[in-house]
Amino acid sequence: GGKTTLCRYIAREWAAGHKLFNGKFDLILLISLDTCTSAGYSDLQQVSLVDIVYREFVRPNEDLSALLTDKEDVRNWLAGTGGRILWLLDGVDTLE
(Lines give C-alpha, C1' and ligand atoms only; values in the text may rest on other atoms or scores of the structure.)
Protein backbone atom coordinates (compact mmCIF):
# COMPACT_ATOMS: atom_id res chain seq x y z
CA GLY A 1 0.00 0.00 0.00
CA GLY A 2 0.96 3.59 -0.44
CA LYS A 3 2.69 3.33 -3.82
CA THR A 4 -0.06 5.22 -5.66
CA THR A 5 -0.14 7.89 -2.97
CA LEU A 6 3.63 8.33 -3.22
CA CYS A 7 3.52 8.58 -7.03
CA ARG A 8 0.75 11.18 -6.88
CA TYR A 9 2.56 13.14 -4.18
CA ILE A 10 5.78 13.28 -6.21
CA ALA A 11 3.92 14.38 -9.36
CA ARG A 12 1.89 16.99 -7.49
CA GLU A 13 4.91 18.45 -5.69
CA TRP A 14 6.88 18.70 -8.94
CA ALA A 15 3.92 20.32 -10.73
CA ALA A 16 3.68 22.86 -7.91
CA GLY A 17 7.25 23.89 -8.65
CA HIS A 18 9.00 22.23 -5.74
CA LYS A 19 12.51 21.04 -6.48
CA LEU A 20 12.65 17.29 -6.00
CA PHE A 21 15.59 14.93 -6.27
CA ASN A 22 18.04 17.85 -6.33
CA GLY A 23 16.71 19.04 -9.69
CA LYS A 24 17.87 15.89 -11.52
CA PHE A 25 14.69 15.75 -13.62
CA ASP A 26 13.31 18.27 -16.10
CA LEU A 27 10.04 16.39 -16.42
CA ILE A 28 8.08 14.03 -14.19
CA LEU A 29 5.31 11.99 -15.80
CA LEU A 30 2.86 9.91 -13.80
CA ILE A 31 1.32 7.14 -15.86
CA SER A 32 -1.38 5.03 -14.26
CA LEU A 33 -1.17 1.63 -15.92
CA ASP A 34 -4.53 0.70 -14.40
CA THR A 35 -6.08 3.63 -16.27
CA CYS A 36 -4.26 2.67 -19.45
CA THR A 37 -5.57 -0.88 -19.40
CA SER A 38 -9.13 0.33 -18.84
CA ALA A 39 -8.83 3.13 -21.43
CA GLY A 40 -8.50 1.00 -24.52
CA TYR A 41 -4.87 -0.11 -24.56
CA SER A 42 -5.60 -3.76 -25.18
CA ASP A 43 -1.98 -4.90 -24.95
CA LEU A 44 0.44 -2.68 -23.05
CA GLN A 45 3.36 -4.70 -24.39
CA GLN A 46 2.58 -3.31 -27.85
CA VAL A 47 2.27 0.34 -26.72
CA SER A 48 5.21 2.72 -26.43
CA LEU A 49 5.62 5.41 -23.80
CA VAL A 50 5.38 7.92 -26.66
CA ASP A 51 1.93 6.52 -27.52
CA ILE A 52 0.79 6.90 -23.91
CA VAL A 53 2.22 10.42 -23.51
CA TYR A 54 0.59 11.54 -26.76
CA ARG A 55 -2.82 10.09 -25.92
CA GLU A 56 -2.97 10.81 -22.18
CA PHE A 57 -1.08 14.11 -21.87
CA VAL A 58 -0.79 15.87 -25.22
CA ARG A 59 -4.14 15.33 -26.96
CA PRO A 60 -6.28 16.43 -23.97
CA ASN A 61 -4.21 19.61 -23.52
CA GLU A 62 -4.88 22.34 -26.10
CA ASP A 63 -1.58 24.14 -25.50
CA LEU A 64 0.51 20.98 -25.80
CA SER A 65 -1.43 19.65 -28.77
CA ALA A 66 -0.83 22.92 -30.62
CA LEU A 67 2.93 22.46 -30.14
CA LEU A 68 3.17 18.70 -30.47
CA THR A 69 0.96 17.75 -33.40
CA ASP A 70 1.92 14.09 -33.72
CA LYS A 71 3.81 11.26 -32.04
CA GLU A 72 7.04 12.15 -33.81
CA ASP A 73 6.88 15.62 -32.24
CA VAL A 74 6.35 13.98 -28.84
CA ARG A 75 9.32 11.65 -29.42
CA ASN A 76 11.55 14.61 -30.32
CA TRP A 77 10.30 16.63 -27.35
CA LEU A 78 11.02 13.80 -24.94
CA ALA A 79 14.44 13.21 -26.51
CA GLY A 80 15.18 16.92 -26.05
CA THR A 81 15.08 16.50 -22.28
CA GLY A 82 18.35 14.59 -22.48
CA GLY A 83 16.80 11.71 -20.60
CA ARG A 84 16.08 13.85 -17.55
CA ILE A 85 12.58 12.37 -17.16
CA LEU A 86 11.28 10.56 -14.12
CA TRP A 87 8.72 8.04 -15.32
CA LEU A 88 6.33 7.15 -12.51
CA LEU A 89 4.60 3.98 -13.68
CA ASP A 90 1.86 3.38 -11.16
CA GLY A 91 0.23 -0.03 -11.16
CA VAL A 92 3.10 -2.12 -12.53
CA ASP A 93 2.55 -4.58 -9.69
CA THR A 94 -1.06 -5.18 -10.81
CA LEU A 95 -0.27 -6.13 -14.40
CA GLU A 96 -0.61 -9.78 -15.30
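Our structure is the block above this text.
Scope of this entry: the structure provided in the associated data block. Computed from a predicted structure; not experimentally measured.

Remarks on the overall build of the chain
Inference 1: Of the regular secondary structure elements, the chain holds 5 helices and 2 strands.
Inference 2: For the chain, with 96 residues in total, the buried portion stands at 27%.
Inference 3: At a minimum sequence separation of 6, the contacts of the chain that also span at least 24 residues come to 54%.

Observations regarding the side chain of Asp90
Inference 1: By the secondary structure assignment, Asp90 is in strand β2 (residues 85–90).
Inference 2: Despite its burial, Asp90 pairs with no opposite charge, the nearest such side chain being Arg8 at 5.4 Å.

Some thoughts on the packing of helix α3 (residues 49–58) against helix α5 (residues 71–79)
Inference 1: Where α3 contacts α5, the two axes come as close as 9 Å, and the packing angle between them is 105°. For the element pair α3 / α5, the angle class is roughly perpendicular. Contacts between α3 and α5 pair Val50, Asp51, Val53, Tyr54 and Val58 from the former with Lys71, Val74, Arg75, Trp77 and Leu78 from the latter.
Inference 2: Each residue belonging to the contact of α3 with α5 can be placed in one class, and the counts come to 7 nonpolar, no polar and 3 charged.

Considerations on a nonpolar patch on the surface
Inference 1: Taken together, Leu49, Leu89 and Val92 make up a surface patch of nonpolar side chains, about 220 Å² in accessible area.
Inference 2: Looking at the secondary structure, you find Leu49 in helix α3.

Rules used throughout
Residues numbered from 1 in each chain as written. Predicted model: local features only at pLDDT ≥ 70, side-chain atom pairs only at ≥ 80, totals over all residues. Heavy atoms only, no water. Helix = DSSP H or I, 4+ residues; strand = E, 2+ residues; numbered from the N terminus. Buried < 20%, exposed > 50% of the residue type's maximum accessible area, 1.4 Å probe, protein only. Contact = heavy atoms within 4.5 Å. Lys, Arg positive; Asp, Glu negative; His and termini not counted. Salt bridge = Lys/Arg side-chain N within 4 Å of Asp/Glu carboxyl O. Axes fitted to C-alpha atoms, helices over the stretch in contact; angles between N-to-C directions. Parallel < 35°, antiparallel > 145°, perpendicular 65-115°, else oblique. Nonpolar A, V, L, I, M, F, W, Y, C, P; charged D, E, K, R; others polar. Patch = residues over 30% accessible without salt bridge, like charges linked within 9 Å, V, L, I, M, F, W, Y side chains within 5 Å. Areas by Shrake-Rupley, 256 points an atom, 1.4 Å probe, with all protein chains shown as cover.

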